[in-house]
Amino acid sequence: MKILIVDDSLINLKVAAKMLEKIDCLVETATSGKECIEKVKSNSYDLILMDIMMPEMDGIETFNKLKEIENFHTPVVTLTADAEPNAKEKYLDLGFNEYISKPISLEILKEIIKQYK
């Protein structure tokens, strides 16, 4: 499974990538919404894990721009520190496929991956 992780924190990218590689995923990373959009336009992914709080273009704006790309159907999962009581419902209502709060759990990642394989 080929996964794009989008996060402005290099530490978060490294942690998530290592976890995903342990469960045999091919991982690419992007450090901004703009880089994410460029990568999606020239590559195919099975899943995108998207940080919400990023400078310049946040995860919600990036997600909305992705949906404007012709034939874009890749599931996008939030990967965010926003763990307020209604956070999951908020992001699902915006159209994200799933919600993961940070810090990331390997068990939760495995469950998400299983859903989209």
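These numbers were taken from a predicted model, which means no experiment stands behind them.

Comments concerning the confidence of the model for the chain
1) Next: Looking at the chain as a whole, the pLDDT averages 94, with 100% of positions reaching at least 70.
2) Next: Within the chain, helix α5 (residues 106–116) has the poorest average pLDDT of any element, 92, and strand β2 (residues 26–30) the best, 98.

Remarks on the pattern of salt bridges
1) Next: Applying the stated criterion to the full structure yields eight salt bridges.
2) Next: Residue Glu-28 is joined to Lys-39 by a salt bridge in which the shortest nitrogen-to-oxygen separation is 3.9 Å. Here Lys-39 lies in helix α2 (residues 33–42) and Glu-28 lies in strand β2, a separation of eleven residues in the sequence.
3) Next: Close ionic contact of Glu-111 with Lys-114 constitutes a salt bridge, the shortest N to O distance being 3.5 Å. Of this pair, Glu-111 and Lys-114 both sit in helix α5, three residues apart, which is roughly one turn of the helix.
4) Next: For Lys-114, a relative accessible area of 57% puts it in the exposed group.
5) Next: Taken together, the shared-partner salt bridges connect Lys-2, Glu-28 and Lys-39 into one network.

Things to note about the packing of aromatic side chains
1) Next: For the structure on display, the rule yields three aromatic pairs.
2) Next: The interplanar angle of 20 degrees and the centroid separation of 4.1 Å between the aromatic rings of Phe-63 and Phe-96 together place this pair among those described as stacked. Of this pair, Phe-63 sits in helix α3 (residues 59–67) while Phe-96 sits in the loop between α4 (87–93) and β5 (98–101), and the two are 33 residues apart along the sequence. In terms of burial, Phe-63 and Phe-96 fall into one category: buried.

Quick notes on the sheet that holds strand β1 (residues 2–6)
1) Next: Judged by pairing direction, the sheet is parallel, and its five strands sit side by side in the order β2-β1-β3-β4-β5 without closing on themselves. Of all strands in the sheet, those with a lone pairing partner are β2 and β5, marking the two edges. Averaged over neighbouring strand pairs, the angle between their axes works out to 20 degrees when direction is ignored.
2) Next: Sheet topology places strand β4 (residues 76–80) next to β5; four bridges connect them, and they run parallel. Looking at β5, one finds that Thr-78 is bridged to Tyr-99.

About the thresholds
Residues numbered from 1 in each chain as written. Predicted model: local features only at pLDDT ≥ 70, side-chain atom pairs only at ≥ 80, totals over all residues. Heavy atoms only, no water. pLDDT = per-residue confidence, 0-100. Helix = DSSP H or I, 4+ residues; strand = E, 2+ residues; numbered from the N terminus. Salt bridge = Lys/Arg side-chain N within 4 Å of Asp/Glu carboxyl O. Buried < 20%, exposed > 50% of the residue type's maximum accessible area, 1.4 Å probe, protein only. Phe/Tyr/Trp six-rings, centres within 6.5 Å; stacked < 30°, edge-to-face > 60°. Pairing = 2+ DSSP bridges. Axes fitted to C-alpha atoms, helices over the stretch in contact; angles between N-to-C directions.

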